[in-house]
Every structure is written in structure tokens, then in C-alpha cells.
Amino acid sequence: MMSPKSLFRRALLLAALSTTLSGAQADTLDNIRAAKKIRVSIDLAVPPSGMTDASMKPTGSDYDVAVLLAKDLGVALEVVPTVGATRIPNLQTGKADIIISTLAWTAERAKVIDYSVPYAPQISLVGGVKSLNVKSMADLAGKSVAVNRSTTQDTDLTQNAKGATVVRYDDDAGVITAVVTGQADLVGTSNALFQTMVQKAPNRQLEQKFVLRVNDLGIGVRKEDPALLAWVNDWVKANHANGRLNEIFKKYHGTEIPRDVVEKWVK
């Protein structure tokens with residue numbers, strides 16, 4: 001049995017360790033400012049949200065959001081390239097400070113990371129060739145559907161498309177190629193990416209079949225970063241109010257963020 005003196009010393013040690021850990025956990029925002037750089041995980045293969053231009057430079061709505069955030073924070077932006085499946089691991093392992101990469105809110109993801117106030121909406125749908133008579137989940141039975149691995153479309157179809165074969169690709173570029181070249185006749189994806197497929201393959205006569213969900217896209221932050229999350233939330237709300245997030249969304253997606261949606265997010 002430990003003596004009272006030993007117990008007291010142990011208590012002091014645990015208290016000091018707790019204080020040290022709490023300080024380290026709360027220092028990410030300070031560390032970003034000290035380094036004068038924020039590392040943002042962005043998928044550059046999901047046009048028009050993330051992509052590269054003819055000069056192979058990053059562009060897209062998520063990239064522009066990251067550029068604006070870094071500018072307002074007063075630091076440089078470092079893009080940490082990712083695909084859907086590595087967005088959260090990049091954050092958890094410290095490779096990135098935040099995620100801005102079409103990260104839709106899900107209950108499962110919210111167990112391991114925190115989400116900011118949504119900065120944009122994302123329509124998630126099933127699309128495919130016109131000749132296929134598909135209007136609901138039930139109509140997918142016996143059919144194959146292409147998805148990007150570890151996305152909300154993957155989750156929704158795996159859980160709800162009974163009798164369907166979900167064919168998973170490691171990134172959106174692979175999904176786009178499969179649909180455009182005729183390897184896949186049905187796809188679960190975002191509206192923005194589906195419009196890219198329609199434009200790239202007009203001969204395939206692609207059409208929207210049905211909407212899976214309308215996702216809220218948030219900025220991902222580690223659970224132990226409350227100060228950073230608070231700053232990001234204030235920033236998102238301010239840039240909804242001044243219209244700058246709407247300008248970015250309209251530039252790349254061709255439509256404005258509905259005002260009633262914004263009001264729901266920032267009330």
C-alpha cells in the first residue's frame with residue numbers, strides 16, 4: 001500500500017501531466033500562428049471543389065476557401081493532398097491542421113473529429129445512363145454502382161441499397177474515368193462531380209436518377225482543438241454574413257448557397 005506521502009506525490013504528478021496535456025491540446029491555434037502556416041487537407045481530384053489547372057496549380061472551391069481562411073488568419077497555406085479515405089487519418093496523425101475537402105457531416109465521423117459550422121452544401125445523388133430504369137434504392141438490386149471509397153455515398157449505398165454491388169474506387173478521378181469510359185453505368189457521387197461526368201461523356205446520355213441526401217460540408221478539426229474550432233466557427237459565420245463564401249460557391253458551382261440554408265447554419 002502506498003504511503004500518504006507517496007499518494008500525494010502521485011497526485012501532484014498526475015495533475016502536472018494533465019495540465020501539460022491540456023496545454024498541448026489547446027495550443028494548435030497558437031502553433032499555427034507561431035509557424036505562420038496552416039496545413040489544410042484538400043482532395044484535388046474532386047472538381048469543381050478541388051482540382052488542378054492547366055499549370056497543375058491547385059484550384060477549386062475548397063481550395064479558394066482554404067486560401068481565404070489562411071489569409072484571414074494571417075498565415076501561409078500549405079496544401080496537404082489527400083483522397084477521401086485519408087482525409088481524417090491525415091488530421092488524426094498530425095499531417096494536417098484542418099480538413100477542407102467536401103467533408104460531409106456523419107454521425108460516425110463526428111465521433112472522431114469535430115465539424116465547423118457548414119461552409120457549403122453538397123447534393124449527393126445516384127446517376128447513370130438514361131436506358132437504366134432506376135428511381136430509388138430498391139431499383140438498384142442486382143446492379144453495380146461505382147463510388148469513391150469511404151464517402152457518404154459509399155456509406156449510404158452500402159447500408160441501404162439491398163442487393164446492389166457497390167464498386168469502390170480509391171479516388172474520384174477513378175470514379176469519373178469508370179463512368180466516362182463505360183466501365184460503370186451507375187454512380188453514387190456529388191452533383192458537382194456528376195455534372196463533370198455529363199460534360200466529359202455526352203454520348204453516354206447520363207442523367208440524375210435520385211437524390212441520396214443534401215449534405216452539410218464542414219471544416220474538420222481534431223477533437224482536442226477547441227480554440228481552433230471556435231476560431232474557425234467564427235470565421236465561417238462571418239464569411240457567410242459578408243457573402244464571400246457564397247461568392248466562392250457560385251464561382252465554381254454555378255449557383256448561390258440558398259439564403260434559408262445559410263440562416264439555418266448561422267442562427
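Residues numbered from 1 in each chain as written. Predicted model: local features only at pLDDT ≥ 70, side-chain atom pairs only at ≥ 80, totals over all residues. Heavy atoms only, no water.

A.B. asks: Honestly, the packing of aromatic side chains in this entry has me stumped. Any pointers?
C.D. replies: Each aromatic ring pair is characterised by the separation of its centres together with the angle its planes make. For the structure on display, the rule yields one aromatic pair. Aromatic side chains Trp105 and Tyr115 sit 6.4 Å apart centroid to centroid with 50° between the ring planes, which places their arrangement in the tilted category. Here Trp105, found in the loop between strand E5 (98–99) and helix H5 (107–110), pairs with Tyr115, found in strand E6 (residues 113–115); they are ten residues apart in sequence, far enough to count as distant. By relative accessible area, Trp105 is classed as partly exposed at 46%. (Phe/Tyr/Trp six-rings, centres within 6.5 Å; stacked < 30°, edge-to-face > 60°. Helix = DSSP H or I, 4+ residues; strand = E, 2+ residues; numbered from the N terminus. Buried < 20%, exposed > 50% of the residue type's maximum accessible area, 1.4 Å probe, protein only.)

A.B. asks: Even after reading the chapter, I still don't get the UniProt feature "domain: Solute-binding protein family 3/N-terminal" (unreviewed entry) in the chain, so can you show me in this structure?
C.D. replies: This chain's UniProt record puts "domain: Solute-binding protein family 3/N-terminal" (unreviewed entry) on residues 37–256. With 35% helix and 28% strand, the stretch residues 37–256 has end C-alpha atoms that lie 30 Å from each other. (UniProt positions renumbered as here; feature names shortened; annotations may be inferred.)

A.B. asks: Would you take a moment to explain unusual backbone geometry for this structure?
C.D. replies: Generally, phi is negative for residues other than glycine and the peptide bonds are trans, each holding for most cases. Here the amide bond leading from Pro47 into Pro48 is cis, since omega sits at 5°, within 30 degrees of zero. As for its placement among the helices and strands, Pro48 is situated in the loop between strand E1 (37–42) and strand E2 (51–52). For Ser150, which is not glycine, the phi torsion reads 70° and is therefore positive. Tracing the chain through its elements places Ser150 in the loop between strand E8 (144–148) and helix H6 (152–160).

A.B. asks: Where do I start with the environment of Ala70 in this structure?
C.D. replies: Relative to the helices and strands, Ala70 resides in helix H3 (residues 61–73). Relative accessible area serves as the criterion here: at 2%, Ala70 is assigned to the buried category. Sequence separation between Ala70 and Ile98 is 28 residues, and the spatial gap between their C-alpha atoms is 11 Å. Once you skip the residues sitting within four places of it in the chain, Ala70 turns out to touch Ile38, Val75, Ala76 and Leu77. (Contact = heavy atoms within 4.5 Å.)

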